[in-house]
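Topology and contacts: notes
Each chain, letter by letter, is given below.
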Amino acid sequence: MTDQGRSHPRDFVASLDKGLKVLLCFERKHSKLNLSEVARLTGYTPATARRLLMTLQELDYLHSDGKRFWVAPRTLLLARPYLMSRPAPQLAQPVLDKLADRTRQSASLGLLLDQEVLIIARSTGQRTLSTGLGIGSRLPAFCSAIGRAVLSTLPRADVVRYLTGTSLDAYTRMTVRDVASAADQVEHCRDHGWAECDEELELGVRCIAVPVSSLADKTIAAVSLSVRAERMTMNAFRQAHLAAILEARDELKATVNFE
C-alpha cells in the first residue's frame, strides 16, 4: 500500500491520498488500530502515520482513547454523496429485497474495487447471518463467491496476474490459498455461469454469486446469496435458489446502470 514507484499528475494532492488510505485501514478485521498498526498497513513511517491520525482525529473523522483509533460517525458523510446521487444502489435495492424475501436468505450486490469487492446494496433475509455485512463492506475477491463472479469476466491471463498480486490470506481452514486453485474457482464461474464459496470466508456460511452484465454485455458487478451451512448443502443450495439468483441478475441487467 506504499506510494513508492508511483507517478502522479501535477495536480495530484499526495497528502489527501495518504489521509484517505489511513481511513480505509479501518474495517471489520481492523476496527481499532494503534499507531504502529496503521504505519504497517499503509507503509508510511510512524511519524507520517501519526500526523495523519491526529489530523483525522482533529477533524472528527477518528476517535481515540490515547492509544488506539477508530472511525467516528462523521465518516458516514463520505459515503452519503454516492448513495444519494448514484442510481445503482437505489434501483438495485428492490431487486435484492425481492430476492431475499423469496429465498429468506441474505442478498448482496458488489463491485470490484482494487483487490476487493465493495458491497453497494444488501438485503438481509429472515434467516440472518453472522457475517455483519452491510453497504460499504469489503470482501476479498479471491475467495468470495461475489469476487470470483466478477473476476470471471476478465481475460484468463488478467485473472492470473490479478491473483498473483493479491495477498491470499486464510480466513478459515477452508480458504483456497494458492493462485492455481483460486484461478480454477474463477474458471468454474466462467464455464458454468455461477461461483461459489463454501465456508472459505466464514465457517458456517455458504454463498453463490453470478455476474451481472450491462446492456453492452460488459460485466461490472455480481449479485450473491448466502445461507447458513447447517441449513443445506451446497448442492441443495444451488438446486433451491440458483434460479432465483439468475432471475435477480436478469432484472438488474435490465434496470441498473452501474456507471
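Residues numbered from 1 in each chain as written. Predicted model: local features only at pLDDT ≥ 70, side-chain atom pairs only at ≥ 80, totals over all residues. Heavy atoms only, no water.

1. Regarding the sheet that holds strand β2 (residues 62-64)
In spatial order, the strands read β1-β3-β2; together these three strands make up an open sheet with antiparallel pairing. In this open sheet, the two edge strands, each paired with only one partner strand, are β1 (33-34) and β2. Note that β2 and strand β3 (residues 68-71) share three bridges and pair antiparallel. Bridging across to β3, S64 finds its partner in F69. The strands touched by helix α3 (residues 46-58) within the sheet are β2 and β3, with β2 carrying the most contacts at an inclination of about 105 degrees. (Pairing = 2+ DSSP bridges. Helix = DSSP H or I, 4+ residues; strand = E, 2+ residues; numbered from the N terminus. Contact = heavy atoms within 4.5 Å. Axes fitted to C-alpha atoms, helices over the stretch in contact; angles between N-to-C directions.)

2. Concerning the packing of aromatic side chains
Taken as a whole, this structure holds one aromatic pair when the rule is applied. Lying over the aromatic face of Y44, K18 brings its terminal NZ or CZ to 5.8 Å of the ring centre. (Phe/Tyr/Trp six-rings, centres within 6.5 Å; stacked < 30°, edge-to-face > 60°. Lys NZ or Arg CZ within 6 Å of the ring centre and 35° of its normal.)

3. Considering the packing of helix α7 (residues 156-164) against helix α8 (residues 179-192)
Where α7 meets α8, the closest approach of the two axes is 10 Å, and the angle between their N-to-C directions is 140 degrees. For the pair α7 and α8, the crossing hand works out as right-handed. Between α7 and α8, the residues in contact are R156, V159, V160, L163 and T164 and V179, A182, A183, V186, E187, R190 and D191, respectively. Of the residues that constitute the contact of α7 with α8, the class distribution is seven nonpolar, one polar and four charged. (Left-handed = near helix turned anticlockwise from the far one by under 90°. Nonpolar A, V, L, I, M, F, W, Y, C, P; charged D, E, K, R; others polar.)

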